[in-house]
Every structure is written in structure tokens, then in C-alpha cells.
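Coordinates in review
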Amino acid sequence: SSSSSSSSSSSSSSASASAATTPFVLPERGSVSDDVMRLLISTDNHLGYMGGDNIRREDSYLAFKEVLATGVTSGADMVLLGGDLFHDNKPSRGCIHRAITLLRQHCLGDSDVAIQMCSDQGTNFRGDFRRVNYEDPNFNIGLPVFSIHGNHDDPTREGGLTSLSANDILSAANLVNYFGTSEHLDSIKIYPLLITKGNTRLALYGLGAMRDERLNRMFTKGKVTFVRPSGDVDPWFSVFVVHQNRDKGRGPKNCVHESMIPSWMDVVVWGHEHECLIEPQESSSGYFITQPGSTVATSLVEGEAVKKHICTLDIRLGDKKDDKPLFKLTSIPMTMVRPFIMEEIDLSFCEELESVDPNDPQVGDIISTHLQSKVNAMIERAKDEHDLKDGFPGMLGRDKEGRVLPLIRLRVFRGQHQTLNVQRFGSQYLGSVANPKSMLQFARKKQAGAKGGRKRRLGGVAFDADDTGEFDMNDAGASKARVS
């Protein structure tokens, strides 16, 4: 199919994205009909996260294994990954080995691939092998995987003129179809992957991560162009997968605004943000946004404590020739993600401290005892809410009874009271929780009109610079459920 350039990204179309919400009856999983295209969608897998930790080093791989296995069991036609497949820009050989092993185990096979590419693959992909992997006669691909890069696994230049991502390695091994790269620094032209299944037609757009300020500036100046299929009367269902900051109070120039994405888009898959918000949200421009979130908690903040899900996106042609394609998102809860319990406590409401002088030497012991009681209750809550004994096969880090160790984060608003040595407090929970050194996080609620002093912001709470040594530095820059 030929394509021609649309106007800049702010252009609109008379076609309404709202028509795409028309419900239709979905086939049972594993029996997808010839005219329904099913995508299994996941973002922010962060393979290799906590690779040096004896308790948590397997967490990211187990979650990604579940993603791929669900792609197989759900009858998906393809898996779509929204960036940050790897946690590090230069993942270890062990990490790459694990990624290749998982992809080979779940994505190679004799199953027929029902989707067909009809766009210029030389434009869609880069590298020496510019074609989709399942069309290579030397490989049996049963489940195609398509991926953009994120800010953690973006291409890096290591001498010479070649910039490579870890995704390029998987692409060269013919295990992943890596797309969404841009060769130019002053302008971007995004060509779709045109994919068909029966009468259903998908235009898949992708843009790998780049500096938010630069991309924002390019959008503002009209330097970002989406290329639309041309010469066709029948409609295409348009999906855009992106890995950038969303507009959540981070400053008008430090994100991609919903209004910057063309209104004719049907669904936007938003990566980078780790909080799971799969339920489609209608944007200000009329298209719908789904935010699958991460599959492993990389910051101990509220958004990461939300139950992790992946989803399927089912698309099919409308019942009439000139109908827009229809879609439905189905959320799938993940079962191989380590339980994470997060709560808050305010020492101002601690009865044991009401009649005690804050400077009393015994205050520390009273606070410690009070927090122990709270942490113990959180551990019991994890046991009540999750099958820690039999529900997480293969997960490392278990207590003496064989239960999986949960992640625990207690945010403590201390007021005028002293802090505790977090690592010393956590040492008593070795063998009981997965993160004993970062269980506690001390904070002071910012007073209205307060000025002065160097502050860090975490989840809407002001943290004293003196407190930054009292909590996991992995969280030091995360205001929401994301990794910047």
C-alpha cells in the first residue's frame, strides 16, 4: 500500500475516533476469528532490574515470561511492547541471554502467523534485515513481537557513526521486530506498519523515546509528521505506541500533550508511565489512551502498588463497508508479580507519643515499636491477600515457611519527631520482606507558605534533603509511578 504524508501532528480529520468504541462480541481466547486482529500489549518490562539482588533478581524475567506465555495462550496475533524492555542501556550478557531464551521458548514455533505486512518494510525497519521476522524462510516464528525502545534501552553511540540499542541485537537475532526509530534530529516523519488480517487493517505507528523537551519543541514547531495510508477507500485502524512523559504536572515543555497527537488516531499505547491504567481514557482530541504500566516495580511509590495488568487489543472491521474498525481492550491481571504493600502513617496521631517530649531519649524506642507493629500488620496483610506459599512458582526469596517475600513500603510522616536508622530498623526483617533496607520512608508534610531549604518531591510530599539518606535512592527522582 502506498503512503503519503499528512500535515503536521496537530492536523485533524473529520473521522471521529469515538466510533471505534462500538461494542462487538469477542471470540473466546485461543479461537480468534479470521477477521479479528488481537494484539497482546505490555510496556516497561525492565529486564535485568535488581539483577544483583539475591531476592529480586528473577522478578523482571518471570513477569516477562508471563507476558509472552499469555500472548500464546490468548491466541494473540502479535505482541506489542511499548519500550524499556531492558532496564539498562547496556544490559549484561546474562540479561540478554535470558531475553533471547524467553523469546525463543515462546515465540518460535510452527503456528501459522495470520497477519500480513503490506507497507514498505525498508522504511519501517532498520539494520541489515529490513523485513518482518516471520517472513524469513529460515525461521519458524509462531508469535511475532514488535517493540519500540524506551529511555532505558535507547540507542547509544559507542564510537563511529552507528547508534545501537539492545533491541537491535534482538532484531538481528530475528526475535523482535524493532521499529519506531528516527534518523534525524531536526524533524521526524513517522511511517506506519500496515498490517492486515482478513478484512481488518491496522496502521501501527511507533516512536521510541527521546528527550521530552526536544520532542515537545519539535511537536510545537510542526516538525513531527505522521504519514497516513493513501489511495485506499477502506479505513485503517490507527494505533500509536509512544514512550514519553504524559502531562501530569511536570511542566508544559517536559511532556507530550494529548493535543499534539493527531485527532484521527484511534488508540494511543502510552509507555514510560508505570502506573497501570489500562481502561481506555478518551483524550481531549477524541482518540483513546491505554497505559498498561510496568510489569515490575522499579520504584516503591503509590502508582507501582496498583495491581499489575497487561491487555489484549482486539480490532475488527465494521459490519458495513464504510464503518470504522471496532476495538475492545481486555485487561489481564498478572499473577507472577511480587506482591507490593504500601501504606502511610502520621506520627502526629500516635497516642504513645502524645505525652512524650520530642527530645526525650526514649522517643526513638517508642517510634520503633510503633512502626514495628505497623510493618508486622502489613506483612500479615500480604499473607491474607496473596497465596505466598504456592502462588508464585519460581520466584526467589522466601521465608522459613516457604512463603514469597513481599515488598513493603511504609511512608512515615514524622512531623517534629526524629527519624530512625532505616537500615538498622530493616535488619530485623531480613528473611521476612524482600526489601528490608528500604521499607521505611520518612517525610515531612510541607507547610503552606513554607520557603527555603533544599527539597525533593515525591508523590506530592516534600522531603528534606537531610532525609534522602533515609530511603531507597531508587525512588529519589520518581514523583509518580515511572522511572525517568
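A brief look at the structure comes next. Not measured: the values here are computed from a predicted model.

Thoughts on the sheet that holds strand S3 (residues 78-81)
Read from one edge to the other, the open sheet built from 6 strands follows the order S8-S5-S3-S2-S17-S18, with strand pairing classed as mixed. Each having just a single partner strand, strand S8 (177-178) and strand S18 (326-333) make up the two edges of the open sheet. Inspection of the sheet shows strand S2 (residues 36-42) paired to S3 by 4 bridges, in the parallel sense. Bridging from a neighbouring strand, isoleucine 41 pairs with leucine 80 of S3. This element, helix H1 (residues 59-73), spans S2, S3, strand S5 (145-147), strand S17 (309-316) and S18 of the sheet and lies at about 175 degrees to S2.

A few points about the sheet that holds strand S10 (residues 193-197)
An order of S4-S10-S11-S13-S14-S16-S15 is seen for the 7 strands of this open sheet, with the pairing classed as mixed. Both edges of this open sheet fall to strand S4 (116-117) and strand S15 (277-282), since each of them pairs with a single strand only.

Remarks on H1
Along an α-helix, residues three or four positions apart point the same way, because every turn accommodates 3.6 residues. Here H1 spans 21 Å end to end across 15 residues, near enough to the 21 Å set by a 1.5 Å rise per residue. Residues of H1 that are buried: Asp59, Ser60, Tyr61, Leu62, Ala63, Phe64, Glu66, Val67, Leu68, Thr70 and Gly71. Considering only its buried residues, H1 is in contact with S2, S3, helix H2 (93-107), S5, S17 and S18. Once H1 finishes, glycine 75 follows within two positions and takes phi at roughly 75 degrees, a positive value.

A few points about the packing of H1 against H2
Packing of H1 against H2 leaves a shortest axis separation of 9 Å and a crossing angle of 20 degrees. One finds that H1 runs roughly parallel with respect to H2. The chirality of how H1 crosses H2 is right-handed. From H1, Tyr61, Phe64, Lys65, Leu68, Ala69 and Val72 reach across to H2, where they touch Cys95, Arg98, Leu102, Leu103, His106 and Cys107. Looking at side-chain class alone, the contact of H1 with H2 contains 9 nonpolar, 1 polar and 2 charged residues.

A look at H2
For H2, which comprises 15 residues, the first-to-last C-alpha distance of 21 Å matches the rise-based estimate of 21 Å (1.5 Å per residue) to within 8%. Every buried residue of H2 is listed here: Cys95, Ile96, Ala99, Leu102, Leu103, His106 and Cys107. Within H2, the buried residues cover an arc of 130 degrees as seen down the axis, which keeps them to one side. Away from its buried face, by an angle of more than 90 degrees, H2 presents the exposed residues Arg93, His97, Arg104 and Gln105.

Focus: the packing of aromatic side chains
Applying the stated criterion across every chain yields a total of 8 aromatic pairs. Geometrically, the ring pair formed by phenylalanine 226 and phenylalanine 240 is edge-to-face, given 5.0 Å between the ring centres and 90 degrees between the ring planes. Taken together, the positions of phenylalanine 226 in strand S12 (residues 224-229) and phenylalanine 240 in strand S13 (residues 237-243) put the pair 14 residues apart, joining distant regions of the chain. Residue phenylalanine 240 is classed as buried on the basis of its relative accessible area of 1%. Ring geometry for phenylalanine 288 versus phenylalanine 327: centroids 5.9 Å apart, planes at 55 degrees, classification tilted. Taken as a pair, phenylalanine 288 in strand S16 (residues 288-291) and phenylalanine 327 in strand S18 lie far apart in primary sequence, 39 residues in all. Each member of the pair, phenylalanine 288 together with phenylalanine 327, is buried. Members of the aromatic cluster, joined through ring pairs, are Tyr205, Phe226, Phe240 and Trp264. In this structure, arginine 98 packs its charged tip against the face of tyrosine 61, placed 4.4 Å from the ring centre. Above the face of the tryptophan 264 ring, arginine 228 is positioned so that its terminal group lies 4.1 Å from the ring centre.

Rules used in this analysis
- Residues numbered from 1 in each chain as written.
- Predicted model: local features only at pLDDT ≥ 70, side-chain atom pairs only at ≥ 80, totals over all residues.
- Heavy atoms only, no water.
- Pairing = 2+ DSSP bridges.
- Helix = DSSP H or I, 4+ residues; strand = E, 2+ residues; numbered from the N terminus.
- Contact = heavy atoms within 4.5 Å.
- Axes fitted to C-alpha atoms, helices over the stretch in contact; angles between N-to-C directions.
- Expected span 1.5 Å × (residues − 1).
- Buried < 20%, exposed > 50% of the residue type's maximum accessible area, 1.4 Å probe, protein only.
- Parallel < 35°, antiparallel > 145°, perpendicular 65-115°, else oblique.
- Left-handed = near helix turned anticlockwise from the far one by under 90°.
- Nonpolar A, V, L, I, M, F, W, Y, C, P; charged D, E, K, R; others polar.
- Arc of directions from axis to C-beta.
- Phe/Tyr/Trp six-rings, centres within 6.5 Å; stacked < 30°, edge-to-face > 60°.
- Lys NZ or Arg CZ within 6 Å of the ring centre and 35° of its normal.

Distances and angles like these do not, on their own, reveal function.
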